[in-house]
Each structure stands twice: as structure tokens, then as C-alpha cells.
Amino acid sequence: MSAVWAFKKSLARILFAFVRKSVPLAYAQDGLISLHSHAFMKDAGFERAYARGVAAIGGRDLYEWHWRIHVGLWAASIARHLPGDFVECGVNKGFLSSAIMQHLDWNSLDRDFYLLDTFSGLDERFVSSSERDRGVLDKNARQLRDGFYVAGVESVRENFAQWPRAKIIQGSVPDTLPEVKSERIAYLHLDMNCAPPEVAALKAFWGRLVPGAPILLDDYAYIGFDSQRLAMDEFARDHGVAICSLPTGQGLLIKPPGLRG
Ligand SMILES: C[S@@+](CC[C@H](N)C(=O)[O-])C[C@H]1O[C@@H](n2cnc3c(N)ncnc32)[C@H](O)[C@@H]1O
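Procedures and definitions
- Residue positions are given per chain, counting from 1 as you read along its sequence in written order.
- Local features in a predicted model are, by the rule used here, given only for residues with pLDDT of at least 70; side-chain atom pairs are given and counted only at 80 or more, and totals for whole chains, interfaces and linings are based on all residues.
- Excluded from the side-chain calculations are hydrogens and water; all other atoms, namely the structure's heavy atoms, are used.
- Nearness is judged by heavy atoms alone; a residue qualifies as near a molecule or strand once a single heavy atom is within 4 Å of it.
- Any pair of nitrogen or oxygen atoms within 3.5 Å is treated as a polar contact; in protein, a donor-acceptor pairing is required on top of that, and neighbouring residues in sequence qualify only through side-chain atoms on both sides.
- The Shrake-Rupley method, run with a 1.4 Å probe sphere, supplies the accessible areas, and residue values consider only the shown protein chains as cover.
- Aromatic rings from Phe, Tyr and Trp, with only the six-membered ring used for Trp, were paired whenever their centres fell within 6.5 Å, and each pair was classed as stacked if the ring planes differed by under 30 degrees, edge-to-face if by over 60, and tilted otherwise.
- Numbering of helices and strands runs from the N terminus, with a helix taken as a DSSP run of H or I at least four residues long and a strand as a DSSP run of E at least two residues long.
- Buried, partly exposed and exposed residues are distinguished by accessible area as a fraction of the type maximum, computed with a 1.4 Å probe on protein chains only: under 20%, between the cut-offs, and over 50%, respectively.
- Any Lys NZ or Arg CZ that is within 6 Å of a ring centre and within 35 degrees of that ring's normal is treated as a charge sitting over the ring.
- Between the first and last residue of a helix there are one fewer steps than residues, each counted as 1.5 Å, and that sum is the expected span.
- Note on contacts: a residue pair is in contact if any heavy atoms of the two residues lie within 4.5 Å.
- Pairing between strands requires that DSSP locate at least two bridges from one strand to the other.
- Where helices are involved, their axes are fitted lines through C-alpha atoms of the stretch in contact, as for all axes, and angles between N-to-C directions lie from 0 to 180°.
- Segmentation into domains, and thus their bounds, comes from an automatic or database assignment.
- What gets called buried area is simply the loss in accessible area from a 1.4 Å probe that two parts show on being joined, summed for both.
- One side-chain nitrogen of Lys or Arg within 4 Å of one carboxyl oxygen of Asp or Glu is enough to make a salt bridge.

A.B. asks: Give me the lowdown on the site of the ligand, citing residues and values where you can.
C.D. replies: With respect to spatial proximity, 20 residues lie near the ligand, and among them Gly90, Leu96, Asp117, Val173 and Asp191 are the closest. Between the ligand and Gly90, the relevant distance is 2.8 Å, taken from a nitrogen atom to a main-chain nitrogen or oxygen of the residue. In the environment of the ligand, a nitrogen atom lies 2.8 Å from a nitrogen or oxygen atom belonging to the backbone of Val173. Burial of the ligand by the protein chains amounts to 99% of its free accessible area of 600 Å².

If you want it as C-alpha cells, here you go:
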């Protein structure tokens, strides 16, 4: 499993490098090849925010998540005009959340950013049987081993120390959901790489998400993450809403103004 995964990763990297060399204008990284403009990458505000995300993971951009981060910053910039706190479930070292806090000058805002994570990888209790069959637990062990997943909260606390209203909540979702005390939530990012805790979080927060709040689902359209997409689609159907599938692999849902429940 591990060798196959590493092989696929290297193959993708070679393909992306080849496309970038042959078509210098193309965006080719992080699962996405596009000839559309990605001029946002040259925007000074974006560059500063992205650099803060990179600082959160140790100063080297091993992810190349530019378009994903662009979407996250856009969602946060909408949420900034809504009342309420921000919540992220699945923080890891804090790439996206640090970029957002930098971008919005968080200390100038009167709100909390709740950051929920085990800070030690997935919790086996909350992995579905289809995810187990797909090897999610092996992948989790590998990601902890190779340092992609943080193993401990101390470095994360240091990263967020400049923002007193970053509320770090260590533990497993859904166990920790009651620790989010906000009555109103303006932004929700779900990025735990497994369906059950993500659905539990969305159910728990749905009633407190304010009208117009963006809900960003990091893994919604990722190949191999079908159980997350199917679970989120079921939630969306049950609530009379629809999720927009983005070419970055993310899903985007807006809590419709005027919706009850
Ligand atoms: C892909 S990473 C998140 C990346 C992060 N959003 C960023 O911007 O870098 C997934 C994270 O979800 C966390 N996680 C997985 N299952 C969890 C659960 N049940 N409760 C809390 N955190 C969980 C893992 O510990 C890991 O840090």
C-alpha cells in the first residue's frame, strides 16, 4: 500500500513538473492542472497570507496548495462580513487557518477562531468501515511517521501564540464539539480526512451557522474520498441544499439565507 501510494505521488509530481515545463502558464500542482488564470498567486495580500501558512508548517512549501488556500481565503473574506466566530475541524500544523488569520488581521477582529484537532492523527473510533477498507488507518500511521501530521500540540500553540483569540481544542471530534461555545458561527472548515467526525461536526454546527456562512469541505472531491462526498451529499439532500464541487478537490456549501433549521 505504502509503496503504491509513494509511486502514485512521484508519478503525479513528474506529470505536474512536465506540464509546468511544457506550458509555463499552466497551474499544475496539488491534483489540479488548469490553463485558467491564477493571477491571485501574484497578489501581495495572497503572498503574505500564503507565506504565513508555509511558516506554520516549518517554512518550506511542501504542499503547493495555492489554489486551495485562495479558495479558503475567499471564503474567510466573505465570512468576515458576517457575525460570528470561525471554526476549523482538522487543523494539523495550521496552514490554512494561519493564512486566514494573517489575511484578516485576526487581532483586529472581535471574534474567536476555534481550532479542533487531536493533534495526533485520526481517531480509529471515528473511521468508517469503508474508510478502513480503503486503508485510511495505514495512511494515517504513515502520515504521522513522515511528519505530515503533527504529533503533539505544543508546536501548534507556538504557531498560534500571536493570536490570543485562537482557541485550540485538543481531542477527538465529535467528543470535543461541546467545547465550541459560540452561538453564531460565520465560517466552518472541515478537514479531518474521514467522514464520521466531519458529518457529526456539520450536524452539530448547522443550526448555529449564520445565513450566508461558507462551509468549506477540504476533501469533498478528492479521488479516494468517496465516503466523505457521499456522506456530505446525504446531509445536503436532507437539508435541501447543494454542495459545489471545486476542481481543487474541495466542496463549498453556503448556508442559504432564509433557510430554516
Ligand atoms: C489534512 S489534516 C488538516 C490540514 C489543515 N486543515 C491545514 O490547513 O493544514 C487532517 C487533520 O485532521 C485531524 N483529525 C482526523 N480525525 C480527527 C478527529 N476525529 N478529531 C479531531 N481531529 C481529527 C488529524 O489529526 C489531522 O491533523
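A.B. asks: A description of the packing of aromatic side chains should follow, citing residues and the corresponding values.
C.D. replies: Scanning the entire structure with this criterion turns up 18 aromatic pairs. Ring geometry for Phe40 versus Trp67: centroids 5.2 Å apart, planes at 65°, classification edge-to-face. Taken as a pair, Phe40 in the loop between strand S2 (32–34) and helix H2 (44–56) and Trp67 in helix H3 (residues 66–79) lie far apart in primary sequence, 27 residues in all. Across the pair, Trp67 and Phe40 agree in class, each one buried. Taken together, the ring pairs connect Tyr27, Phe40, Phe46, Tyr50, Tyr63, Trp65, Trp67, Phe95, Phe148 and Tyr149 into an aromatic cluster. Arg134 extends its terminal NZ or CZ atom over the ring of Phe225, reaching a point 5.0 Å from the ring centre. In this structure, Lys255 packs its charged tip against the face of Trp206, placed 5.2 Å from the ring centre.

A.B. asks: I'd like to hear about helix H8 (residues 195–206), residue by residue, with values.
C.D. replies: For H8, with 12 residues, the first-to-last C-alpha span of 16 Å sits near the 16 Å given by 1.5 Å per residue. In this structure, the buried residues of H8 make contact with strand S3 (85–89), helix H5 (129–133), strand S6 (185–190), strand S7 (214–217), helix H9 (226–238) and strand S9 (251–254).

A.B. asks: Give me the lowdown on the sheet that holds S9, citing residues and values where you can.
C.D. replies: Strand order in the open sheet formed by 7 strands is S5-S4-S3-S6-S7-S9-S8, with mixed pairing between adjacent strands. Every interior strand has two partners, whereas the edge strands, strand S5 (166–170) and strand S8 (244–245), have only one. Of the strand pairs in this sheet, S8 and S9 are connected by 2 bridges, and their pairing is antiparallel. Directly across from Ser245, in S9, lies its bridge partner Gly251. Here helix H4 (residues 95–103) sits on the sheet and contacts S3, strand S4 (113–117), S5, S6 and S7; the angle it forms with S4, its principal contact strand, is near 170°. Here H8 sits on the sheet and contacts S3, S6, S7 and S9; the angle it forms with S6, its principal contact strand, is near 175°.

A.B. asks: Give a description of the domain arrangement of the protein that names residues and reports values.
C.D. replies: Taken domain by domain, the protein holds domain 1 (1–33) and domain 2 (38–254). If you average the C-alpha positions of domain 1 and of domain 2, the two centres end up 24 Å apart. Contacts between domain 1 and domain 2 engage 10 residues on the former and 14 residues on the latter. Roughly 1,100 Å² of surface becomes buried between domain 1 and domain 2 when both sides are summed, with 51% attributable to carbon and sulfur atoms. Here domain 1 is connected to domain 2 by 2 salt bridges. Between Arg20 and Glu64 there is a salt bridge, and its shortest N-O distance comes to 3.9 Å. Run the count over domain 1 and domain 2 and you get 5 residue pairs in polar contact (both at pLDDT 80 or more).

A.B. asks: Residues and numbers for the pattern of salt bridges, please.
C.D. replies: By the definition in use, this model includes 9 salt bridges. Note that Arg165 is salt-bridged to Asp112, the shortest N-O span being 2.7 Å. One end of the pair, Arg165, is in the loop between helix H7 (154–160) and S5; the other, Asp112, is in the loop between H4 and S4, with 53 residues separating them in the sequence. With a relative accessible area of 11%, Asp112 lands in the buried category. Between Arg132 and Glu124 there is a salt bridge, with its nearest N and O atoms 4.0 Å apart. With relative accessibility at 36%, the residue Arg132 sits in the partly exposed group. Salt bridges sharing common partners tie together Asp30, Arg68 and Asp218.

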